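The primary structure of each chain is shown beneath.
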There are 2 protein chains.
Amino acid sequence: MVKLAIDAMGGDYAPEEIVKGTLKALHEQEDLEVVLFGNEEKLRGMIPDTPRLQIVNAPQTFSMGEENPIRAIRSNKEASMVMAFQSVKDKTCQGVVTAGPTQCAIVCAHFVVGRLKGMKRVALCPQIPSFKEGGCLMLDVGANTDMKPEYLVQYALYADAYARKIKGIKNPKVYLLNIGVEPHKGRDFERSCYQQLTQAPLNFCGNIEPSSLLTSDADIVVTDGFTGNVAMKTLEGTAKAISDALKKDIASNLGGKIGYLFMKKNLRQFKNRFNTEQVGGAILFGVDGVVVKAHGNSKENAFCNAILLAKRVVDGNILEQMRTYIEENPIAVEEQSNE
Amino acid sequence: MVKLAIDAMGGDYAPEEIVKGTLKALHEQEDLEVVLFGNEEKLRGMIPDTPRLQIVNAPQTFSMGEENPIRAIRSNKEASMVMAFQSVKDKTCQGVVTAGPTQCAIVCAHFVVGRLKGMKRVALCPQIPSFKEGGCLMLDVGANTDMKPEYLVQYALYADAYARKIKGIKNPKVYLLNIGVEPHKGRDFERSCYQQLTQAPLNFCGNIEPSSLLTSDADIVVTDGFTGNVAMKTLEGTAKAISDALKKDIASNLGGKIGYLFMKKNLRQFKNRFNTEQVGGAILFGVDGVVVKAHGNSKENAFCNAILLAKRVVDGNILEQMRTYIEENPIAVEEQSNE
């Protein structure tokens, strides 16, 4: 049995869609148990008597536009997100899923749960859309903007363990995001990362240019949090803008409308390639507990998938594997905490 | 009369398409004169006797995969690109257009032509696709990865002058590329840039997230060369991958093929939004001469448009304007040359 904490109040459609997604996940997984953290009265009114579901009252919430996550978390010990993360720290739950603000989740992971011993940074690791079967992991995409090459190697090793255990990939292909494929390309940071990645026990395949993100054979792409965030947001924004424009252009005259009827199936097939709902969320690597950050706009299906993802990560026992790896391969660099 | 130097041997389709594009530009602009630098024998065989066109023999060329541009340029004084840039340095020509390797063009601009006095860095400034009428300028996208906020402000001022004079935009909207819209977002670099941009004589509108690049009202987006290169390549790569996938999905069955016949016009309209041919090339800001870098894959039309762009920049007399501005607003920071 896996027991997960759910932040019932985080996300654009909380708590309604969060509750629906949670009930769906419970229905699909018989060895899953959840604890919903949120406004108890409200939640009780929405939820029928359900086995394997517990509600804990957490009267406060964070707004999605929270400007100062550190202050917000320090002064809101009874926020649903804080209490949910606390249950992971206390080992009451084995993992936590939230659709609340990303920066709050990252700060909560640091302050409430804490980093895995020896892990120098946490990294937000979503699966980015890719034409490759199974998609591609990219990290970090926003947890840290201040990086050292050594930390990036830890990211790669973490993602490698994850890709093997959870995604069942035999020898994951690891790439470094860079502005050119040659080893000498990029800033000092990338050149140094390149060298260290070559020496790590990884299937390191070299630099990947941002133009190939969707079409490459990469299983894992590593980068610093600033660059990763820029690349991910450009990719998502471009895909959305193009699909919106296409829709508008198609609907602009009769020919387009008739044509649409004929190629409806093809266009749906096309849309599904970029469907982020299936993935559910991004994992926060480097935390001493399983943390999944679902999209802020998650509805029932997306949030259910985020829960299933968290469960797979708990089942896969990745944390234990990373603990062992880090003990055997400690990073000697002086730590400059960014907390 | 404007006299431009053309690197006839640079680009994937050189010299054939470069020559075609040049002849087209000459045909369209009566007050244009060109000097083609390249293999004289080859060029003479391709070109009919043409008024306002001169050929200068430049027996060497750079390969598109040139690994060490600095060494290549120092040891190939007779390369078509070097000789074309030299003619700008010597004031024989007023500007130069090349479709050769980007890094070679940037290094040539530095070493052969030299920076505008007081300008701390050069910046590669393409027009990126945007749904906004007239598109959007983004800089730097790859000339410099080592930046200071002061240099970025110079970029913005340069682009501002360009947008007003060449594009006829009255009060260009300037944004800073960042991972969030709030002023405190990003690295120290972005926070510092934000502050300095606020104080500059610009219509600075704040941060822009990469997800809004295609749909915002920005006329100018400033960023460091590494981030800009990542954003631009992600945008271009995503647009291309999506359009390729769409084409494939549409052709995958009969319904798609019939539908295509009906919406052909709509899809063409859609494609034109992302057509980079119209723009022709990116300008290299900060150089003491007009330098336009055309796409490596330029064919006749694209290269012709790159030439027309260079001519407009010469006609607009931007360099003179920037000279005056820089003299009146010198940057006091200690210069660490990245040459």
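Residues numbered from 1 in each chain as written. Chains lettered and ligands numbered in written order. Predicted model: local features only at pLDDT ≥ 70, side-chain atom pairs only at ≥ 80, totals over all residues. Heavy atoms only, no water.

Peer 1: Break down a nonpolar patch on the surface for me, with residues and values.
Peer 2: Residues Tyr-260, Leu-261 and Phe-262 of chain A together with Tyr-260, Leu-261 and Phe-262 of chain B make up a contiguous nonpolar surface patch of about 600 Å² in total accessible area. Elements supplying a minimum of two residues to the nonpolar patch: helix 9 (254-273) of chain A together with helix 9 (254-273) of chain B. Mapped onto the elements, Leu-261 of chain A comes out in helix 9. For Leu-261 of chain A, a relative accessible area of 59% translates into the label exposed. (Patch = residues over 30% accessible without salt bridge, like charges linked within 9 Å, V, L, I, M, F, W, Y side chains within 5 Å. Areas by Shrake-Rupley, 256 points an atom, 1.4 Å probe, with all protein chains shown as cover. Salt bridge = Lys/Arg side-chain N within 4 Å of Asp/Glu carboxyl O. Helix = DSSP H or I, 4+ residues; strand = E, 2+ residues; numbered from the N terminus. Buried < 20%, exposed > 50% of the residue type's maximum accessible area, 1.4 Å probe, protein only.)

Peer 1: Give me the lowdown on the nonpolar core, citing residues and values where you can.
Peer 2: In terms of nonpolar packing, the biggest core is built from 66 residues, with Leu-139, Leu-197 and Val-222 of chain A touching the most fellow members. Grouped together as the second largest cluster of nonpolar side chains are 65 residues, Ala-99, Tyr-155, Ala-159 and Ala-200 of chain B included. (Core = buried A, V, L, I, M, F, W, Y, C linked by side-chain atoms within 4.5 Å.)

Peer 1: Run through helix 7 (residues 188-199) of chain B, naming residues and quoting values.
Peer 2: Taking 1.5 Å per residue as the helical rise, helix 7 of chain B with its 12 residues ought to reach 16 Å, and the 17 Å between its terminal C-alpha atoms agrees with that figure. When helix 7 of chain B is considered as a whole, its buried residues turn out to be Phe-189, Glu-190, Cys-193, Tyr-194 and Leu-197 of chain B. Down the axis of helix 7 of chain B, the buried set is contained in an arc of 135 degrees. They therefore lie on one face. Exposed side of helix 7 of chain B, more than 90 degrees from the buried face: Asp-188, Gln-195 and Gln-199 of chain B are the residues found there. Contact partners of the buried residues in helix 7 of chain B: helix 8 (225-250) of chain A together with helix 6 (149-165), strand 8 (173-177), strand 9 (203-208) and strand 10 (220-222) of chain B. (Expected span 1.5 Å × (residues − 1). Arc of directions from axis to C-beta. Contact = heavy atoms within 4.5 Å.)

Peer 1: Run through the pattern of salt bridges, naming residues and quoting values.
Peer 2: Should their charged atoms come close, side chains of opposite charge can pair. For the structure on display, the rule yields 28 salt bridges over all chains. Its salt-bridge partner being Lys-24 of chain A, residue Glu-28 of chain A comes within 3.3 Å of it at the nearest N-O pair. With Glu-28 of chain A and Lys-24 of chain A both in helix 1 (residues 16-28), this residue pair falls 4 residues apart, about one helical turn. Residue classification places Glu-28 of chain A among the partly exposed residues on the basis of a relative accessible area of 41%. Glu-209 of chain A is the partner of Lys-233 of chain B in a salt bridge, and the nearest nitrogen-oxygen pair spans 2.6 Å.

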